[in-house]
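Structure at a glance
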Amino acid sequence: MKGKELRRSLAVLPIGTVMKLTSLTARQIRYYESQGLVLPQRNDGNRRMYSLNDIDRLLEIKDYLDDGVNVAGIKAIYEQQAAREAARKAKQDRPLTDADVRQILQDELIRQGGLGHPQDGVDPHRPL
DNA sequence: ATTCTCACA
DNA sequence: TGTGAGGA
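Residues numbered from 1 in each chain as written. Chains lettered and ligands numbered in written order. Predicted model: local features only at pLDDT ≥ 70, side-chain atom pairs only at ≥ 80, totals over all residues. Heavy atoms only, no water.

A short note on the protein's contact with DNA strand C
Around DNA strand C, the surrounding shell consists of Thr25, Arg27, Gln28, Tyr32 and Arg47. Each atom of DNA strand C within 4 Å of the protein belongs either to a base or to sugar and phosphate, the latter forming 33%. Here a phosphate oxygen of DNA strand C and a side-chain polar atom of Thr25 are 2.9 Å apart. Residues of the surface near DNA strand C, tallied by class, amount to 1 nonpolar, 2 polar and 2 charged. (Near = heavy atom within 4 Å. Polar contact = N/O pair within 3.5 Å; in protein donor to acceptor, adjacent residues only side chain to side chain. Nonpolar A, V, L, I, M, F, W, Y, C, P; charged D, E, K, R; others polar.)

So, in structure tokens, the structure goes:
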């Protein structure tokens, strides 16, 4: 079941297509990249090429923004996610630790409920 | 026609 | 974030 992830990871979409698929302006898309929220590939002509995963990431970013989470907060969330993923592998593969579950629950709470304001970042240790 | 980078009346 | 310049 690996060909699917591979296809979703193939960067074949130019920014123009991404704009239509996400309803975001090229300005916004490039800005989010400058903030490390998405990392599209570049083709020979230095043109950005996006994968389906990038599209999902962009749509997710838009949702977070609508929920009041600022770019810094979203960046923090993805950094935690990467950190937890890394820790998961390094720790061998047990499904999820208690800390992982708490973290996931917290992220869900932040994503749905309207925590986080356009001025402060997201405090990963804010008590539930 | 498209996208890129850079800069700001 | 928008927008226009100047180049590829």
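On we go from here.
Here we look at the protein's contact with DNA strand B
Taken together, Pro14, Ile15, Gly16, Arg30, Arg42, Asn46, Arg47 and Arg48 make up all the residues around DNA strand B. Taken together, the sugar and phosphate atoms account for 81% of what DNA strand B places within 4 Å of the protein. Contact between DNA strand B and Gly16: a phosphate oxygen at 2.8 Å from a main-chain N or O atom of the residue. Residues belonging to the surface near DNA strand B are distributed by class as follows: 2 nonpolar, 2 polar and 4 charged.

Section: the sheet that holds strand 1 (residues 13-14)
Taking strand neighbours across the sheet as the criterion, the 3 strands line up as 1-3-2 in an open arrangement whose pairing is antiparallel. Each having just a single partner strand, strand 1 and strand 2 (41-42) make up the two edges of the open sheet. One ladder, built from 2 bridges, connects strand 1 with strand 3 (residues 48-50); its direction is antiparallel. Each bridged residue has a counterpart across the sheet, and for Leu13 the counterpart in strand 3 is Tyr50. (Pairing = 2+ DSSP bridges. Helix = DSSP H or I, 4+ residues; strand = E, 2+ residues; numbered from the N terminus.)

Thoughts on the packing of helix 2 (residues 15-22) against helix 4 (residues 52-66)
Running from amino to carboxyl end, helix 2 crosses helix 4 at an angle of 45°, the nearest separation of the two axes being 10 Å. Here helix 4 runs oblique to helix 2, going by the angle between their axes. The element helix 2 and its partner helix 4 pack so that their crossing is right-handed. In contact with Val18, Leu21 and Thr22 of helix 2, helix 4 contributes Ile55, Leu58, Leu59 and Lys62. The residue makeup of the contact of helix 2 with helix 4, split by class, is 5 nonpolar, 1 polar and 1 charged. (Axes fitted to C-alpha atoms, helices over the stretch in contact; angles between N-to-C directions. Parallel < 35°, antiparallel > 145°, perpendicular 65-115°, else oblique. Left-handed = near helix turned anticlockwise from the far one by under 90°. Contact = heavy atoms within 4.5 Å.)

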